[in-house]
Amino acid sequence: MRRRTLLGLTGAMLAVGSIAGWTLTRDGGQPVLLSARNGTDGKHYVVGYRLDGSQVFATPVAERCHDVYPHPYLPLAVFVGRRPSRESYLIDSRDGRLLQVLASPPHRHFYGHGVFHQDGEWFYTTENDTTDAGRGVLGVYRLEGRQLVRVGEHATHGIGPHQLLWMPDNETLVIANGGIRTEADSRAMMNLDAMEPSLVLLRRDGSLVSKEQLPERMNSVRHLAVAADGTIVSGQQYEGDAMDRVPLLAIKRPGQAFQHFPLGERQRQIMNQYTASLAIHDELRLLAVTAPRGNKLFIWDLDSTELRQEAHLPDCAGVAAVAEGFVVSSGQGRCRLFDCRSQRIASTPLQLPAGLWDNHLRIL
Amino acid sequence: MIRSYSLRIASGGLLTALLLSACTPADPRAETSKALTDGVLLPTYSQWAEADRRLAASAIAYCADNQTTEEAREAFVHAQTAWAGLQPLLIGPMGEGNLAWQVQFWPDKKNLVARQVTALLNTKPELTQADLDGASVVVQGLSAYEYILFDKSIDLGDAAAKQRYCPLLTAIGEHQQQLAAGVLQQWQDKDGVADQLRRFPNERYAEPSEAIAELLRVQVTALDGLKKKLGAPLGRQTKGHPQPYQAEGWRSDTTLANITSAIKGAESLWLGANEDGLRRLLSAEQADLAKRIDAAYAELLQQLAGMNQPFAELLGNDAGRGELDALYKRIDSLHRLHQLELARALGVQIGFNAHDGD
């Protein structure tokens, strides 16, 4: 919704003038779900489906992708390569046409997440500086015509950065520094004895606003959701002992410190030290979190922190807010729509292909 | 007026519905899920709950000197092997949270069971049920029970020792009985797990194939778990140095009995109670795979039946270790047959995001 603010529209009109040939209209009516997905043939795809199950596109790509981020007003989206990929893909979100294979520069690889700036000109990714394994880098790319060009980088002020999102001012980034060092072409964790996870707020020019940590050093801060009022929620993956009692969700409300979200002991245990994706529904003030190891989708009231839903969904993966509530995907079963508009949350299976959906989805 | 009309429609409709349901070929996946629920899952959960009921009764009788140590140990072995047989069927409440840890604590790399039992009884010599229910999972389950009944450092022939450990034995028995009864209840409740595996769609499963997929996944997870349970004492993670105390049930020498029970549990999902298990979902073209899986179960169970030496002895000599290595390879190949070939044949995706690590 924030993409349709007045500022965004002003930016849109300016940009449309500069990029001839693009139209502002989106595929009418039905929301389109964007996600990375594997085919039953074992190949990697980037796909778009309307929620009624009709396919918009399915484009094969060389590397498995992780998150996707649409352009604020042009029919473009970047599917970001899953770590330690050196490729991301700029596609036309109307037909899936591959417009650019975006290569990371030497000694850098992607971590699976990236975001367009609301003016549509800039794209930012989290990257690994493999000359200093795990040093977090914010890659800065500029959209020139139909190509992204890397123009610079900033430090993320942390190790092993993962998801990044905009704060409501659309100028400040919140970055989850997972705290784990990995080398080029590797997913092996090098520093479990000396992890340094952190939550960083960073201006677009690379200047640090704040850096905060949770008490547990092995609690890797990985995924994020940001509410319209600036409330940040993070989902952790704990790398310590399976028996350790560590909360896996944290929250930073406006003007407050980064701290644990009050998580019920039952939910904590079910998560099995692992959370995947987060989404916030701004109108309903709800927080949804997928826990693929626990095979559960959880929904909380963001303000009262009351648990609203605990639904069984094997290997649940991506989650995003839609008007009715949330759409959730799964690596193994059918995608579901959770209608949260009344006190009793109801789930409906969607007629999209079942299973093999990757960790994140976005609704266009 | 409307009511009588709809009644007439209903009686005619009922007949039509009966005829239709008799003629419409049912979804084989729905049928299989229902057959496994009634023929395998519910009976096995009931047997486990019954074994724990007997365990609780045995603890009370033993502590009242109405049972011998041998009888108490038998009740433990029965409960332990019933639990092992349930491993490939850990769907629903038992597979969530750390409930399984409350039943058994494995692997116990730091001998936490012995240390925590000692610490608990030192701080609470007059241990109550509430004390145990609020204590660490390490002392709540069968592993602590086994430690008391089988560990060489504890002489239960000594009246003072028996008096010291008995409150814990009876509390564990009760804790296990209640836990198992509660889980069984969740299976049997209206719209409980059994109902969800019988009628589709429901809140848990959008369609029968989701239920079949989950049944296969818990089976695969258990087979993988058996590789770890055998691999740990064989030293597969420790450069080949055998680790006898990493074996599941080393104190009671139930290691191989547990493996046998778990393999039989997995086989019951494969075959079903009346040839109505996962096997029948394979088509005629997949008959070769079905035969290979049949053979893998048969060979494995045959080898296990012939292994009569205590596990620690087998681990202690070259010939025995050779046998255990062969056993490991057979479990490994059974695991692969399920994880790769059976999963592909049934169109089931095993693990994707849960093992993603991103």
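The numbers attached to residues start from 1 for each chain and follow its sequence in the written order. Chain labels run from A onward and ligand labels from 1 onward, assigned in the order the entries are written. Local features in a predicted model are, by the rule used here, given only for residues with pLDDT of at least 70; side-chain atom pairs are given and counted only at 80 or more, and totals for whole chains, interfaces and linings are based on all residues.

1. Let's talk about the overall build of chain A
Phase 1 of the analysis: If you tally the helices and strands in chain A, you get two helices and 28 strands.
Phase 2 of the analysis: Here the globule rule reads 2.2 Å times residues to the power 0.38, and the radius of gyration is calculated from C-alpha atoms. Here the C-alpha atoms of chain A give a radius of gyration of 19 Å, agreeing with the 21 Å that 2.2 N^0.38 yields for 364 residues.
Phase 3 of the analysis: A principal-axis box enclosing the C-alpha atoms of chain A has dimensions of 55 × 50 × 45 Å.
Phase 4 of the analysis: Residue burial is a threshold on neighbouring C-beta atoms within 10 Å of the residue's own C-beta, all placed from the backbone, with 20 or more meaning buried, 12 or fewer meaning exposed, and counts in between meaning partly exposed. Taking all 364 residues of chain A together, the buried fraction comes to 51%.
Phase 5 of the analysis: A residue pair is marked as a contact if its C-beta atoms, positioned from the backbone, fall within 7 Å. Counted over contacts in chain A with a minimum sequence separation of 6, partners at least 24 positions apart contribute 46%. A run of DSSP states H or I qualifies as a helix once it reaches four residues; a run of E qualifies as a strand once it reaches two. Both are numbered from the N-terminal end.

2. Points about helix α14 (residues 318–346) of chain B
All names here are of chain B.
Phase 1 of the analysis: Multiply 1.5 Å by the residue count of a helix minus one, and that product is the helix's expected span. Taking 1.5 Å of rise per residue, 29 residues should cover 42 Å, and α14 covers 40 Å from first to last C-alpha, within 8% of that figure.
Phase 2 of the analysis: Two axes enter the definition of the bend at a residue: one is fitted to the seven residues ending there, the other to the seven starting there, and the bend is the angle between them. Along α14, the largest kink reaches about 30° and is centred on His338.
Phase 3 of the analysis: Of the positions making up α14, those classed as buried are Leu324, Leu327, Ile331, Leu334, His335, Leu337, His338, Gln339 and Leu342.
Phase 4 of the analysis: Elements in contact with the buried residues of α14: α10 (208–234), α12 (287–305) and α13 (311–316).
Phase 5 of the analysis: In the stretch just after α14, Gly347 is the one whose phi turns positive, near 70°.

3. Points about the sheet that holds strand β5 (residues 76–81) of chain A
Residue and element names in this part refer to chain A.
Phase 1 of the analysis: At least two bridges found by DSSP between two strands are what make those strands a pair. With antiparallel pairing, the four strands of this open sheet are ordered in space as β4-β5-β6-β7. One side of each edge strand has no neighbouring strand; the edge strands of this open sheet are β4 (65–70) and β7 (98–103). Direction aside, neighbouring strands of the sheet carry axes that sit 20° apart on average.
Phase 2 of the analysis: Sheet topology note: the β5/strand β6 (residues 87–92) ladder contains four bridges and is antiparallel. Paired with Ala77 across the bridge in β6 is Ile91. Under this scheme, a helix contributes an axis fitted over its contacting stretch, all axes are lines through C-alpha atoms, and angles between N-to-C directions fall in the 0 to 180 degree range.

4. What about the confidence of the model for chain B?
Phase 1 of the analysis: For chain B, the mean per-residue pLDDT works out to 92, and 93% of the residues sit at or above 70.
Phase 2 of the analysis: For this predicted complex, the interface score ipTM comes out at 0.83, while the overall pTM is 0.88. Confidence scores per residue from the predictor, reported as pLDDT, run from 0 to 100.

5. Re the UniProt feature "domain: Imelysin-like" (unreviewed entry) in chain B
Phase 1 of the analysis: In this numbering, the UniProt entry assigns the feature "domain: Imelysin-like" (unreviewed entry) to residues 42–337 of chain B.
Phase 2 of the analysis: Here residues 42–337 of chain B runs as 66% helix and 0% strand, with 26 Å between its end C-alpha atoms. UniProt positions are given in the numbering used here, feature names are shortened, and annotations may be inferred rather than shown by experiment.

6. With respect to the interface of chain B and chain A
Phase 1 of the analysis: The interface of chain B with chain A comprises 17 residues on the first partner and 25 residues on the second.
Phase 2 of the analysis: Considering only residue class, the side of chain B that touches chain A consists of five nonpolar, five polar and seven charged. Lys, Arg, Asp and Glu make up the charged group, whereas Ala, Val, Leu, Ile, Met, Phe, Trp, Tyr, Cys and Pro make up the nonpolar group; the residues left over, Gly among them, are polar.

7. A closer look at the environment of Leu284(A)
Phase 1 of the analysis: With respect to the helices and strands, the residue Leu284(A) is situated in the loop between β20 (278–281) and β21 (286–291).
Phase 2 of the analysis: Sequence-distant contacts of Leu284(A), defined by excluding residues within four places in its chain, comprise Gly325(A) and Cys340(A).

8. Description of the packing of α10(B) against α14(B)
All names here are of chain B.
Phase 1 of the analysis: Closest axis-to-axis distance for the α10/α14 pair is 10 Å, and the angle between their directions is 160°. The angle between α10 and α14 places the two elements in the roughly antiparallel class. Crossing handedness for the pair α10 and α14: left-handed.
Phase 2 of the analysis: Here the residues of the contact of α10 with α14 sort into 15 nonpolar, five polar and four charged. Working rule for angles: under 35 degrees goes down as roughly parallel, over 145 as roughly antiparallel, 65 to 115 as roughly perpendicular, anything else as oblique. By definition, turning the near helix anticlockwise from the far helix through less than a right angle yields a left-handed crossing, and turning it clockwise yields a right-handed one.

9. A word on the confidence of the model for chain A
Phase 1 of the analysis: Scored by pLDDT, chain A has a mean of 92; 92% of the residues are at 70 or more.
Phase 2 of the analysis: Low pLDDT, under 50, characterises residues 1–27 of chain A; the predicted model gives this stretch 31 contacts beyond four residues in sequence or across chains.

10. Some details on helix α11 (residues 255–271) of chain B
Residues and elements named next belong to chain B.
Phase 1 of the analysis: For α11, spanning 17 residues, the distance from its first C-alpha to its last is 24 Å, which sits close to the expected 24 Å at 1.5 Å a residue.
Phase 2 of the analysis: For α11, the tally of buried residues reaches 15 of 17 residues, placing the bulk of the element in the interior.
Phase 3 of the analysis: Positive backbone phi, approximately 80°, marks Gly272, located one or two places after α11.

11. Re the sheet that holds strand β24 (residues 316–321) of chain A
The strands that make up a sheet pair up through hydrogen bonds in the backbone, lying either parallel or antiparallel.
All names here are of chain A.
Phase 1 of the analysis: The sheet built from four strands is open, its strands ordered β24-β25-β26-β27 with antiparallel pairing. At either margin of the open sheet sits one strand with a lone partner, and together these are β24 and β27 (346–349). Along the sheet, successive strands turn relative to each other by an average axial angle of 25°, direction set aside.
Phase 2 of the analysis: Pairing between β24 and strand β25 (residues 325–330): four bridges, direction antiparallel. Note on β25: the bridge partner recorded for Val319 is Val328.

12. Some thoughts on the nonpolar core
Proteins that are soluble and globular tend to have nonpolar side chains buried together.
Phase 1 of the analysis: By our criterion, buried Ala, Val, Leu, Ile, Met, Phe, Trp, Tyr and Cys residues that link up through C-beta atoms within 7 Å make up a nonpolar core. Counting residues in each nonpolar core, the largest one holds 97 residues, and the members touching the most others are Phe79(A), Leu287(A) and Phe326(A).
Phase 2 of the analysis: Those residues in contact with Phe79(A) that sit more than four places away from it in its chain are Ala36(A), Val46(A), Val61(A), Cys65(A), Val68(A), Ser88(A), Tyr89(A) and Ile91(A).
Phase 3 of the analysis: Of all hydrophobic cores here, the second largest spans 92 residues; its members include Leu169(B), Trp250(B), Leu256(B) and Leu342(B).

13. Quick word on the pairing of strand β18 (residues 249–252) of chain A
All names here are of chain A.
Phase 1 of the analysis: Here β18 shows a buried face lined by Leu249 and Ile251 and a second buried face lined by Ala250 and Lys252.
Phase 2 of the analysis: Strand direction decides the pairing type here: strand β17 (residues 232–238) and β18, joined by four bridges, are antiparallel. In the sheet register, Ser234 faces β18, and the bridge partner there is Ala250.
Phase 3 of the analysis: The sheet contact formed by β18 and strand β19 (residues 259–260) spans two bridges and is antiparallel. Bridging across to β19, Ile251 finds its partner in Gln259.
Phase 4 of the analysis: Hairpin connection of β18 to β19: six residues between the antiparallel strands, including Gly255 at a positive phi of 80°.

14. Quick look at the pairing of β25(A)
Residues and elements named next belong to chain A.
Phase 1 of the analysis: Summarising burial for β25: six of the six residues are buried, a large majority.
Phase 2 of the analysis: The turn linking β24 back onto β25 is made up of three residues.
Phase 3 of the analysis: Strand direction decides the pairing type here: β25 and strand β26 (residues 336–339), joined by four bridges, are antiparallel. In the sheet register, Phe326 faces β26, and the bridge partner there is Phe338.
Phase 4 of the analysis: Hairpin geometry of β25 and β26 is characterised by an intervening segment of five residues between the two adjacent antiparallel strands.

15. What about the environment of Thr125(A)?
Phase 1 of the analysis: For Thr125(A), the position within the fold is in strand β9 (residues 122–129).
Phase 2 of the analysis: If we skip the residues at most four places from it in the chain, Thr125(A) touches Val80(A), Phe110(A), His113(A), Gly114(A) and Gly139(A).

16. Comments concerning unusual backbone geometry
Phase 1 of the analysis: Along the chain, Trp106(B) connects to Pro107(B) via a cis peptide bond; the corresponding omega equals 0°.
Phase 2 of the analysis: Looking at the element boundaries, Pro107(B) is found in the loop between α4 (99–103) and α5 (112–123).
Phase 3 of the analysis: The amide bond that connects Phe200(B) to the next residue, Pro201(B), takes the cis arrangement and shows omega of -5°.
Phase 4 of the analysis: Within the fold, Pro201(B) resides in the loop between α9 (193–198) and α10.
Phase 5 of the analysis: Even without being glycine, Asp185(A) reaches a positive phi, approximately 60°.
Phase 6 of the analysis: Within the secondary structure, Asp185(A) is located in the loop between β13 (172–177) and β14 (198–203).
Phase 7 of the analysis: Here the phi dihedral of Lys239(B) falls at roughly 55°; this positive angle occurs in a residue that is not glycine.
Phase 8 of the analysis: By the secondary structure assignment, Lys239(B) is in the loop between α10 and α11.
Phase 9 of the analysis: Assessed through the 6 C-beta atoms surrounding it within 10 Å, Lys239(B) is described here as exposed.

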